[in-house]
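Structural overview
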Amino acid sequence: MHIDENGDIQMSPEEFNEIVKQDNIRALNIKLEQDVKDITIMYDGSEYDGDEVSQGRMVKAIMTSTGSTLDWVGSDNIAHNLTSNQLNDILSLAVDEHSRLVLECNILKLENI
């Protein structure tokens, strides 16, 4: 790539294709980041946030749970009384969805290369 005597950028078709490819990959990464932030899980008639931050909170709550149940706030900001097993089920669904989104993004990236 170089600038010609008129100040215009000149590049080979290969250089242009590489720029387009990198832009497409950046767009896929941005979409993945937003899709992961938007993960919600339906469980037993209620919706729960399943983004990465929520997944971390679920892990901590499950690991430190000493009672038979715990309060967990759903996406609707209503507290639900859940067992550790129920919260673990929600976490598993969130991790599965997260993994599906990452795999889908990576497949698209490979197709773009």
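Placed above this text is the structure.
As the structure is a prediction and not an experimental result, all values here were calculated from the model. (Residues numbered from 1 in each chain as written. Predicted model: local features only at pLDDT ≥ 70, side-chain atom pairs only at ≥ 80, totals over all residues. Heavy atoms only, no water.)

1. Brief notes about the overall build of the chain
Looking only at helices and strands, the chain features 3 helices and 6 strands. If you list the helices and strands of the chain from N to C, you get β-β-α-β-β-α-β-β-α. Computed over its C-alpha atoms, the radius of gyration of the chain comes to 22 Å, more than 25% above the 13 Å expected for a compact globule of 113 residues. Seen through its C-alpha atoms, the chain measures out along the principal axes to roughly 75 × 25 × 25 Å. The proportion of buried residues among the 113 residues of the chain is 27%. (Helix = DSSP H or I, 4+ residues; strand = E, 2+ residues; numbered from the N terminus. Rg over C-alpha atoms; globule rule 2.2 N^0.38 Å. Buried < 20%, exposed > 50% of the residue type's maximum accessible area, 1.4 Å probe, protein only.)

2. Observations regarding the pattern of salt bridges
Side chains carrying opposite charge are able to pair once their charged atoms draw close together. The tally for this structure, following the rule as stated, stands at 6 salt bridges. The closest approach of N and O atoms between Lys37 and Glu33, which form a salt bridge, is 3.6 Å. One end of the pair is Lys37 and the other is Glu33, both in helix α1 (residues 13-37) and 4 residues apart, which spans about a single turn. Close ionic contact of Arg100 with Glu97 constitutes a salt bridge, the shortest N to O distance being 2.7 Å. Of the two residues, Arg100 and Glu97 are both situated in helix α3 (residues 84-112); the distance of 3 residues between them amounts to about one turn of the helix. You can call Glu97 partly exposed: its relative accessible area is 25%. One connected set of salt bridges, linked through shared partners, spans Glu97, Arg100 and Glu104. (Salt bridge = Lys/Arg side-chain N within 4 Å of Asp/Glu carboxyl O.)

3. Quick word on the packing of helix α2 (residues 52-64) against α3
Close contact between α2 and α3 brings their axes to 10 Å; oriented N to C, the two are set at 150 degrees. The orientation of α2 with respect to α3, classified from their angle, is roughly antiparallel. The crossing of α2 and α3 is left-handed. Residue-level inspection shows Glu52, Gln55, Met58, Val59, Ala61 and Ile62 of α2 in contact with α3, the latter providing Ser84, Leu87, Asn88, Ile90, Leu91, Ala94, Val95 and His98. (Axes fitted to C-alpha atoms, helices over the stretch in contact; angles between N-to-C directions. Parallel < 35°, antiparallel > 145°, perpendicular 65-115°, else oblique. Left-handed = near helix turned anticlockwise from the far one by under 90°. Contact = heavy atoms within 4.5 Å.)

4. Notes on α3
End to end, α3 covers 42 Å across 29 residues, agreeing with the expected 42 Å (1.5 Å per residue, within 8%). Where α3 is concerned, the buried positions are Leu87, Ile90, Leu91, Ala94, His98, Leu101, Cys105 and Lys109. (Expected span 1.5 Å × (residues − 1).)

5. Brief notes about the environment of Ser46
Examined against the element boundaries, Ser46 turns out to sit in strand β4 (residues 46-49). Overall, Ser46 belongs to the buried group, its relative accessible area being 14%. Residues Ser46 and Ile78, 32 residues apart in the sequence, show an inter-C-alpha distance of 9.5 Å. Ignoring sequence-local partners within four residues, the contact set of Ser46 consists of Ile41 and His80.

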